[in-house]
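Letter by letter, the chains look like this.
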Amino acid sequence: MSAITGAVPGEAADSGSLKAPALAFILVAFAAMVVGSAFGPSQALNYANINVYGSVPTSSYYQGLTIHGVLNGLVFTTFFNTGVLFYFPARELNVRVNLGWVWLAFAIMILGLAFTLSATLTNNASVLYTFYTPLKATWPFYVGLALVVVGSLMVAAETIRQRADWKRRNPGRITPLVAYMSTTVWILWALTTIGIVSELLFWIIPWSMGFLAGIDPLLTFTLFWYTGHAIVYFWVLPAYISWYVFLPHEAGGHLISDTLARLAFLMFLLFSVEVGLHHETTAPGIAMGWKMEQMFFTFFIIPPSLMTAFTVAASLETAGHARGGRGWFGWLGALPWDNPSVAGQVLAMFTFILGGATGILLASMPNDAMVHDTAFIPGHFHITVGTATALTFIAMSYWLIPHLSGRKLYAKKVAVVSVWLWAAGMMGIGVGLMWQGLYGTPRRDWISALSPDPFVHPIPMAITAASGLVLLVALLCFLLVTIGTLLSPRAQAADVPAIPFGNVAIAETSRWVRLMDRLGLWTLVAFLLIAVVYGPLFWVLLTHQIPIAPNTAY
Ligand code: HAS
Ligand code: CU
C-alpha cells in the first residue's frame, strides 16, 4: 500500500502569518549574499595579479575575504536554511507554528549579524571565516556568530517539535517527505554545531575577552573542522530537498523514488560529521591513524550524493519525456528551459558534477596533500557551494519570493540570463582557481601585493578574473529581478505560485521506510558513531592542551 503526500490542501489558516517570517529570513539571506558576493570580483582580480585593495572599500585582501566568506558561507546559508527548513515542513504537515518563538530566533540572529558586521566592516576581525587561532578578532565577531547559530538552533527545535507533534496525532503514519528531510537536516545541524559552539563558548570568546591566558591552536582548529565538513551538507541539503521534491514537479514530472530520497538523507545524518579531519591532512600533532580513519568515512558520504544524481536525473527524465522529449538525451532539451527556476537548478546540478568529482579526488589523502592550501580548494568549493547551494537558492527564489510576497516575478527573461551567467561564472572561477592551484598558487593569500608576483600563469589567471566579472553581472541581474519583484504591485491569487510539492508515493507499509522514520533512534546511532570516531581524539586533545598562543590585546 502506498500513500500520497505532499499535495498542500489549500492555504492553511495561518499560512499568511507563516509567510512573513519565512520571507524575512530569506530577504536577509539574500541581502547578505549580495553584499558578500560584491566583494568577490576583487578577490578574483587578486588572483589575476590585479591589486584593487585601497580603491575598493576594504583595506586589505584579508578583510575582503573575511566579509566575503562570512556573509556568503555562514550568514546567507544559515538565514536561508532557517527560513525554508521551518516553512516547508510546517506547510506540508499543516501544523501550527510557535511564531513568537520563530520571530525571537530571527531577532537574535539579526543581533548576531549586527555584532559580526560591526567587527568585520571596521577591520577588527580580518580572520577569515575559519577564524583559526591565534589570529584574533574582537569579541563581537565571535559573539555575533554564536548568536546566529543559537537562533537557527531555536528554529530547529521548533521544527523537530512539530514533527513529533504530528507523529503523535497521526499514529502509525510515515512522516511526509519534505518534513522528513527537513527534520533530518535540523538534527544533523544540531550535531554539527557541537564543535563550533563549544569552540566559541569555552575557548575563543573567553580568550578574545581576555579571560584566558592562552589558547591551543590545534584544539580549536579541530573543533572548527568537526563542524566544518558537516556544515557543507547543511548548506547543500535544502538544495537537495528542492531537487528531489520541487524540481521534478516544476519540470512536469515526478520523483521516481521516495524511499531512495529518504535513504540518502538518513546516510547524511549518519556519516556527515565524522570526516572533519580530511580538512586537517597536513595538521601536525594528529596521528596518521586518526586521519586515515576519517578518510575512510569520507568515502561513506559520497554514495548519498551519487544516489541523488541518479534519482534526480531519472526524475527529470520523466519530466522531459512527458514534455515530448525522445531518445537518450532528447528529454534534457525538452525541459522547460524558459523557466528560470528549472534552468537554474539543472545548471546548478551540471556544474556540481565537477564540484563533486573534485571532492571525490580530494577525499584521498595523497591527492589532497598535493593541493591542500592551494587555490585548488577554493576552486573546488566555488563549484559546490557556489553552484549546488547558491545557484539553487537563487533559482528557488524565482518562485519562492513571488510565493511569499504575493507578487509576480519581474523580468523573467533577465532571471533566465542571470542563472546562465551565474553557472558560467562559477564554472569559470572553479576551473581557473583549480588550474592555478595545480601550479602551486596558494589560497588565502594577497598575492597581487607581491612584487613581483611569483605565481603568474596567464591563461588560468585570465579565466579566474573574467569569471569574477561575469559573476558580478549575474549578481546585478539577480538584484534587478528581486527588487523588481518586491516593488511590483500585489498580484491576483491565481498569479502567485504555490509551493511545488509534487505528489509523492510513500511506501507506508515498507519495513525499511518505517525503520527509516525512527529518527530518534537514528539520532542516537549518529551520536554514538561520532562519539566513537571523534571521542578518543578529543580526549587526547583536551587532556593535553597546550595554550601556547599568548593572549595579546587585540
Ligand atoms: Fe568539499 C574542501 C571533499 C562536497 C564545500 N569543500 C571544501 C571546502 C569547502 C567545501 C567550502 O576530502 C573548503 C573549506 C576550507 O575553507 O578549507 N567535498 C568533498 C567530498 C564531497 C564534497 C568528498 N564540498 C562539498 C560540498 C560543498 C563543499 C557539497 C559545499 C556545499 N572538500 C572535500 C575535501 C576538502 C574539501 C577533502 C578538503 C580540502 C583541503 O585540502 O582543505 C562530496 O560530498 C561530493 C559528492 C558529490 C557528488 C556529485 C553528485 C552530483 C549531483 C548532480 C547530478 C546532476 C544531475 C544533472 C542530476 C558525487 C548530485 C542531470 C543531467 C544529466 C545529464 C545527468
Ligand atoms: Cu569536507
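Above this text sits the structure in question.
Basis of the calculations
- Residues numbered from 1 in each chain as written.
- Chains lettered and ligands numbered in written order.
- Predicted model: local features only at pLDDT ≥ 70, side-chain atom pairs only at ≥ 80, totals over all residues.
- Heavy atoms only, no water.
- Helix = DSSP H or I, 4+ residues; strand = E, 2+ residues; numbered from the N terminus.
- Rg over C-alpha atoms; globule rule 2.2 N^0.38 Å.
- Areas by Shrake-Rupley, 256 points an atom, 1.4 Å probe, with all protein chains shown as cover.
- Lys, Arg positive; Asp, Glu negative; His and termini not counted.
- Charge placed at Lys NZ, Arg CZ, Asp CG, Glu CD.
- Salt bridge = Lys/Arg side-chain N within 4 Å of Asp/Glu carboxyl O.
- Buried < 20%, exposed > 50% of the residue type's maximum accessible area, 1.4 Å probe, protein only.
- Donors = N, O, S within 2.8 Å, 3.2 Å for Na, K, Ca; no water.
- Axes fitted to C-alpha atoms, helices over the stretch in contact; angles between N-to-C directions.
- Left-handed = near helix turned anticlockwise from the far one by under 90°.
- Contact = heavy atoms within 4.5 Å.
- Nonpolar A, V, L, I, M, F, W, Y, C, P; charged D, E, K, R; others polar.
- Near = heavy atom within 4 Å.
- Polar contact = N/O pair within 3.5 Å; in protein donor to acceptor, adjacent residues only side chain to side chain.
- 1 Å grid on protein atoms, 1.4 Å probe; cavity = no way out; pocket = protein on both sides within 12 Å on 5 of 7 lines; lining within 4 Å.
- Points joined across faces, edges and corners; volume = space filled by probe spheres on them.
- Phe/Tyr/Trp six-rings, centres within 6.5 Å; stacked < 30°, edge-to-face > 60°.
- Lys NZ or Arg CZ within 6 Å of the ring centre and 35° of its normal.
- Parallel < 35°, antiparallel > 145°, perpendicular 65-115°, else oblique.

**A few points about the overall build of the protein chain**
So, step 1. Assigned secondary structure in the protein chain consists of 19 helices and four strands.
So, step 2. Radius of gyration (C-alpha) of the protein chain: 23 Å, near the 24 Å computed for a compact globule of 554 residues.
So, step 3. Seen along its three principal axes, the alpha-carbon backbone of the protein chain occupies a region of about 60 × 50 × 45 Å.
So, step 4. If you sum the accessible surface of the protein chain, you get close to 20,700 Å²; carbon and sulfur atoms cover 72% of it.
So, step 5. Charged side chains in the protein chain number 24 positive and 21 negative. The centres of these two groups are separated by 10 Å.

**Digging into the pattern of salt bridges**
So, step 1. One pass over the structure, following the stated rule, counts eight salt bridges.
So, step 2. In this structure, Arg 443 engages Asp 373 in a salt bridge whose closest nitrogen and oxygen atoms are separated by 4.0 Å. Of this pair, Arg 443 sits in the loop between helix H16 (412-438) and helix H17 (458-487) while Asp 373 is found in the loop between helix H13 (365-371) and helix H14 (376-382), placing the two residues 70 residues apart along the sequence.
So, step 3. Classification of Asp 373 as partly exposed rests on a relative accessible area of 38%.
So, step 4. Members of the salt-bridge network, linked through shared partners, are Glu 158, Arg 161, Asp 165 and Arg 168.

**Looking at the coordination of the copper ion (ligand 2)**
So, step 1. At the metal site, the copper ion (ligand 2) is ligated by His 229 (ND1), His 278 (NE2) and His 279 (NE2), and these contacts range over 1.9 to 2.1 Å.
So, step 2. Between the donor residues of the copper ion (ligand 2), the gaps in sequence give the motif H-x48-H-H.

**Re the coordination of the iron atom of ligand 1**
So, step 1. No other protein atom reaches the iron atom of ligand 1 as a donor apart from His 380 (NE2), found 2.2 Å away.
So, step 2. Between the iron atom of ligand 1 and the copper ion (ligand 2) the interatomic distance amounts to 4.5 Å.
So, step 3. Turning to its location among the elements, His 380 is positioned in helix H14.

**Let's talk about the packing of helix H3 (residues 61-93) against helix H6 (residues 177-208)**
So, step 1. Relative orientation of the contacting elements H3 and H6 amounts to 145°, with a least axis distance of 8 Å. Crossing geometry of H3 relative to H6 is assigned as left-handed. Contacts between H3 and H6 involve Thr 78, Asn 81, Thr 82, Leu 85, Phe 86, Phe 88, Pro 89, Glu 92 and Leu 93 from the first element and Leu 177, Val 178, Ala 179, Ser 182, Val 185, Trp 186 and Trp 189 from the second.
So, step 2. Here the contact of H3 with H6 is built from residues that sort into 11 nonpolar, four polar and one charged.

**So, the environment of Phe 376**
So, step 1. Within the fold, Phe 376 resides in helix H14.
So, step 2. Take Phe 376: its relative accessible area is 8%, and that puts it in the buried class.
So, step 3. With 55 residues separating them along the chain, Phe 376 and Val 431 place their C-alpha atoms 8.6 Å apart.

**Section: the site of ligand 1**
So, step 1. The immediate surroundings of ligand 1 are formed by 33 residues, with Tyr 129, Tyr 233, Asp 368, His 372 and His 380 found nearest.
So, step 2. The separation between an oxygen atom of ligand 1 and a polar side-chain atom of Tyr 129 is 2.7 Å.
So, step 3. Contact between ligand 1 and His 372: an oxygen atom at 2.5 Å from a side-chain N or O atom of the residue.
So, step 4. When contributions to the shell around ligand 1 are tallied by element, the ones reaching two or more residues are helix H7 (217-250), helix H10 (303-322), helix H12 (340-363), H14 and helix H15 (385-405).

**Quick notes on empty space enclosed by the protein**
So, step 1. Under the counting rule described, the total for this entry stands at four cavities of 30 Å³ or more.
So, step 2. In this model, the largest cavity occupies a volume close to 680 Å³.
So, step 3. If you go around the largest cavity, you meet 36 residues; those closest to its centre are Leu 65, His 68, Asn 72, Phe 381 and His 382.
So, step 4. The leading source of residues in the lining of the largest cavity is H3, at eight residues.
So, step 5. Split by residue class, the lining of the largest cavity holds 21 nonpolar, 13 polar and two charged.
So, step 6. Taken as a whole, the second largest cavity holds about 110 Å³ of empty space.
So, step 7. In this structure, the second largest cavity is lined by Leu 74, Thr 78, Leu 145, Val 148, Val 149, Trp 189, Thr 193, Ile 196, Thr 227 and Ile 231.

**As for the packing of aromatic side chains**
So, step 1. Inspection of every chain in the model, using the stated rule, returns 46 aromatic pairs.
So, step 2. Relative to Phe 224, the ring of Phe 131 lies with its centre 5.4 Å away and its plane at 85°, an arrangement referred to as edge-to-face. Residue Phe 131 is located in the loop between helix H4 (99-121) and helix H5 (139-169), and its partner Phe 224 is located in helix H7; the two are separated by 93 residues in the primary sequence.
So, step 3. For Phe 131, a relative accessible area of 1% corresponds to the buried category.
So, step 4. Judged by centre distance (5.0 Å) and plane angle (70°), the rings of Phe 271 and Phe 300 are edge-to-face. One end of the pair, Phe 271, is in helix H8 (residues 258-271); the other, Phe 300, is in the loop between helix H9 (288-298) and H10, with 29 residues separating them in the sequence.
So, step 5. Among the aromatic residues, ring-to-ring pairing joins Phe 30, Phe 76, Phe 80, Phe 393, Tyr 398 and Phe 478 into one connected group.
So, step 6. We note Lys 136 situated over the ring of Trp 207; from NZ or CZ to the ring centre the distance is 5.0 Å.
So, step 7. The lysine or arginine in question, Arg 262, covers the ring of Tyr 180, its NZ or CZ lying 5.0 Å from the ring centre.

**A closer look at the side chain of Arg 262**
So, step 1. Structurally, the position occupied by Arg 262 is in helix H8.
So, step 2. Once residues within four sequence positions are removed from consideration, Arg 262 is found in contact with Ile 174, Thr 175, Pro 176, Leu 177, Tyr 180, Ile 506, Val 513, Met 516 and Asp 517.

**Section: the packing of H3 against H7**
So, step 1. At a minimum axis distance of 10 Å, the contact between H3 and H7 shows a crossing angle of 40°. Taken together, the axis directions place H3 and H7 in an arrangement best described as oblique. You can see that H3 and H7 cross each other, and the crossing is left-handed. Between H3 and H7, the residues in contact are Gly 73, Leu 74, Thr 77, Thr 78, Asn 81, Val 84, Leu 85 and Phe 88 and Ile 231, Phe 234, Trp 235, Pro 238, Ile 241 and Phe 246, respectively.
So, step 2. The class makeup of the residues in the contact of H3 with H7 is 10 nonpolar, four polar and no charged.

**Things to note about the side chain of Ser 397**
So, step 1. When you line up the elements, Ser 397 lands in helix H15.
So, step 2. Residue Ser 397 is classed as buried on the basis of its relative accessible area, which comes to 2%.
So, step 3. When near neighbours in sequence (up to four residues on either side) are disregarded, Ser 397 contacts Phe 30, Pro 402 and Phe 478.

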